[in-house]
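Coordinates in review
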Amino acid sequence: MQFTVSSVALSATDTDALVIFHFDDADSPGVKALTEAHPKLIQSLRDTQVLSSKTGQVTPLLGHNDLPAGQVFVIGAGKQADFRENQFIKVVKAAIATLKSTKAKTASIALDDIQVAGRTLQWAAQKATEVILTGLYQYDTTKSKKADATALQALTFLSKDTELEAPIRTGKALAHGVNVARELGNLPANICNPQYLAEQAQNLADAYDEISVEILSQKEMEALGMGSFLAVTQGSANPPYVLVMKYQGAGANEKPHVLVGKGLTFDTGGISIKPAQGMEDMKFDMLGAASVFGTLNTIAELKPAMNVIGVVAAAENMCSATATRPGDVVSSMSGKTIEIINTDAEGRLVLCDALTYVERFDPASVVDIATLTGAIVIGLGHHPLAVYANDDSLQQDLISAGTQAWDRGWPMPLWDDYREELDSPYADLRNIGQGRAGGSITAAVFLAQFTEKYKWAHLDIAGAGWTSAKEGATGRPVGLLTHYLLSQLTQ
C-alpha cells in the first residue's frame, strides 16, 4: 500500500474516504473543520446523539451534500484527557477495519486529531502505519476460500508535519516483520515443522543480500555435543536444526547483537504429556523463533549499520519409544549435566545449548525469546512480556524499547536465591525447580547458568505471543526487539 502525507485543509482533500476522530470533551481539528463547513449538520448529529464519542465506535456520514469525501467516517476516541497509547491503537484499528469493509481505493486519515500526550507526530505516524498494515493481515493459508483482497490502495495522513517519511518507512518494515511472525505462528505444525523453518531461513537469505544463512544438521549438533537439545528431539520423526541467520550491515569487526528463538514447532510435553484439551495451541510454541524471523525481516528492510545474528532452535517434542524419560541425565554443550525431571520443560533444554553455541560470535548482547512457561501467564497475564537479564543496563534498554514500541515488557528478578531450586543429587542441574513457586523465574535462572560469558536477557513471551486460538499469533515482540536493536546504533 502507498502511504503519503498531506498538509492540505480537510475540506480540500481528494479522496474516496475520509476518517476523522471525535472526543466527548474536546473538538479535534477534524471535527472543528467539519463543523465550520457544515455547522447545522454536525450540531444536529450531536443533538440527536448520533455522533458517538465511544472509543472505537464508527459513525458513517453518508448521503450528505458537500462533504469532503463520498464517505466520511467519524470514529469515537473517548475523552481527550484520557487519550493514551492503547486508545490510539484502538481507534486506528477501528479506522482500518472500517476502510477494509468499503470499496474505497484511496483514503485519508486526520492524524493530527489523535495526538497522544508525550508522543510525537513521528511516533503517531510510525505506529499508525504499523497498526494499519497489521490490520490488513488475515490468515487464510490453509483455507479453501481465501480472504477478499482489500480495495484500498493508497492512504494519506493529514498532518501539519509533512516530514513523516522516515517513521512511515519504519512502521511499514515493522508491520511486515510482525506479519511474518504471525503467519509462521499461525501455520499448523504439519506444515510449519523444523524443516519448514529451515526453508524459511534460506528464503530470507535469498530475499536480502545482507543476510546469509547456515543450517546445522543433527549430525553437526551431535559433533558439537548438544546433548540437551537432542534429548528433546529424540522422540520425533522430524529432525532438528539450528538455524543461523546473519545480517551484515556493518564491518566484520563490529560485534553482533544476537537473537535466539525457541522454535518448538509442536510440543506434546513428551513423556510428561500435556492434557489433550488445548494441545492444538502447542503449534504456538515456536513464537520465539517466529519473532526472530520477523525482526530480521524488519532489520533487512531498514538496513541499519549494525550486525545482527538470529539463531533459531528448531525442533519437535513428541512421544515415542525413543523419547526422553523423566529422570534421564544428559550432557549439554557447555559440559554441564542436566537431570530431566519433566520432559515438558523442554524449551530451556534446547535453548541452553543454543546459548552456549552463540559464545563463538563474541556478541555485544544476546536476547533469547521463548514461550517458556505457563507460570508467566499466571503472573503477568497477556499484556506485558517478562524481561530477565544478567545486566541491569540491558534489561532497562529492553524495557525502554518496549515502551517506545508499545510492545511492553516488565522487569523480573534473576536472583541467586532461586539457584538452589535447581540442585540435583544426580547432575549439575535439574531442568525444573523443586516446587511450582516462581516457575518462570527458576526457568530463567536455569538459562542464566549458560550465559555467564556475555551480556544476556531472556524474554518469556508465553502470555504475549498469542492470546487465544481465535486471535492467533500477535507477532510480539518484533516491535520491542527492533526498537532495541535500533537504539544500539546511537550507543
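Once that is clear, we can look at the pattern of salt bridges. In the structure shown here, the tally under the stated rule is 16 salt bridges. Across the salt bridge formed by D328 and R325, the nearest N and O atoms sit 3.2 Å from each other. For R419, the salt bridge goes to D423, with nearest N and O atoms at 3.0 Å. Note on R419: relative accessible area 24%, which makes it partly exposed. Residue D423 is classed as partly exposed on the basis of its relative accessible area of 39%. Overlapping salt bridges, with partners in common, bring together K262, D285 and E346 in one network.

Here the focus is the packing of helix α6 (residues 194-207) against helix α9 (residues 287-302). Contact geometry for α6 and α9: axes closest at 11 Å, N-to-C directions at 5 degrees. Of the possible angle classes, the one that applies to α6 and α9 is roughly parallel. Here α6 contributes L197, Q200, A201 and L204 to the contact with α9, which in turn contributes F293, L296 and N297. Here the residues of the contact of α6 with α9 sort into 5 nonpolar, 2 polar and no charged.

A separate point is the packing of helix α10 (residues 347-357) against helix α13 (residues 439-448). For the pair α10 and α13, the least separation of the axes is 9 Å and the interaxial angle reads 30 degrees. Our classification of the angle between α10 and α13 gives roughly parallel. As for the relative orientation of α10 and α13, their crossing is right-handed in sense. Of the residues in α13, those in contact with R348, L349, L351, C352 and L355 of α10 are A443, F446 and L447. Looking at side-chain class alone, the contact of α10 with α13 contains 7 nonpolar, no polar and 1 charged residues.

Strand order in the open sheet formed by 3 strands is β11-β12-β16, and the pairing between neighbours is mixed. Edge positions in the sheet fall to β11 (329-331) and β16 (429-430), since each has one partner strand and no second. In this sheet, β16 lies alongside strand β12 (residues 337-339) in parallel orientation, the contact comprising 2 bridges. Residue pairing for β16: I338 is matched across the bridge by L429.

The subject of this paragraph is the sheet that holds strand β10 (residues 307-317). Adjacent strands of a sheet form backbone hydrogen bonds with each other and so pair up, either parallel or antiparallel. Spatially, 8 strands are ordered β7-β8-β10-β9-β13-β17-β14-β15 in an open sheet, and the strand pairing comes out mixed. A strand with exactly one partner marks an edge of an open sheet, and here the two such strands are β7 (211-216) and β15 (409-411). With direction set aside, neighbouring strand axes in the sheet form an average angle of 20 degrees. Judged from the 8 bridges that link them, strand β8 (residues 241-248) and β10 form a sheet pairing that is antiparallel. Residue pairing for β10: L243 is matched across the bridge by V312.

In this description, a pair of aromatic rings is defined by centroid distance and the angle of the planes. Applying the stated criterion across every chain yields a total of 7 aromatic pairs. Seen from their ring centres, F3 and F157 are 5.9 Å apart, and the 40 degrees between their planes marks the pair as tilted. Of this pair, F3 sits in strand β1 (residues 2-6) while F157 sits in strand β6 (residues 154-158), and the two are 154 residues apart along the sequence. For the residue pair F3 and F157, the accessibility class agrees, reading buried in each case. Ring centres of F446 and F450 lie 5.3 Å apart, and the angle between their planes is 45 degrees; this geometry places the pair in the tilted category. As far as burial versus exposure is concerned, F446 and F450 are alike and both buried. It is K336 that lies over the ring of F450; its NZ or CZ is 5.4 Å from the centre.

What follows is about the environment of S424. Along the polypeptide, S424 turns up in the loop between β15 and β16. If we ignore the near neighbours within four places in the chain, the residues touching S424 are E339, L429 and R430. At 2.5 Å, the side chain of S424 and the side chain of E339 are in polar contact. A distance of 3.3 Å separates a polar side-chain atom of S424 from the backbone nitrogen of A427.

Here we take up helix α2 (residues 39-47). For α2, the complete set of buried residues consists of L41, I42 and L45. Around the axis of α2, the buried residues are gathered within 95 degrees of arc, so they sit on the same side. Seen from the buried face of α2, the exposed residues on the opposite side, beyond 90 degrees, are K40 and D47. Of the surrounding elements, those touching the buried residues of α2 are α1 (29-37) and β3 (58-61). Q49 sits one or two residues past α2 and shows a positive phi near 55 degrees.

Rules behind the numbers
Residues numbered from 1 in each chain as written. Predicted model: local features only at pLDDT ≥ 70, side-chain atom pairs only at ≥ 80, totals over all residues. Heavy atoms only, no water. Salt bridge = Lys/Arg side-chain N within 4 Å of Asp/Glu carboxyl O. Buried < 20%, exposed > 50% of the residue type's maximum accessible area, 1.4 Å probe, protein only. Axes fitted to C-alpha atoms, helices over the stretch in contact; angles between N-to-C directions. Helix = DSSP H or I, 4+ residues; strand = E, 2+ residues; numbered from the N terminus. Parallel < 35°, antiparallel > 145°, perpendicular 65-115°, else oblique. Contact = heavy atoms within 4.5 Å. Nonpolar A, V, L, I, M, F, W, Y, C, P; charged D, E, K, R; others polar. Left-handed = near helix turned anticlockwise from the far one by under 90°. Pairing = 2+ DSSP bridges. Phe/Tyr/Trp six-rings, centres within 6.5 Å; stacked < 30°, edge-to-face > 60°. Lys NZ or Arg CZ within 6 Å of the ring centre and 35° of its normal. Polar contact = N/O pair within 3.5 Å; in protein donor to acceptor, adjacent residues only side chain to side chain. Arc of directions from axis to C-beta.

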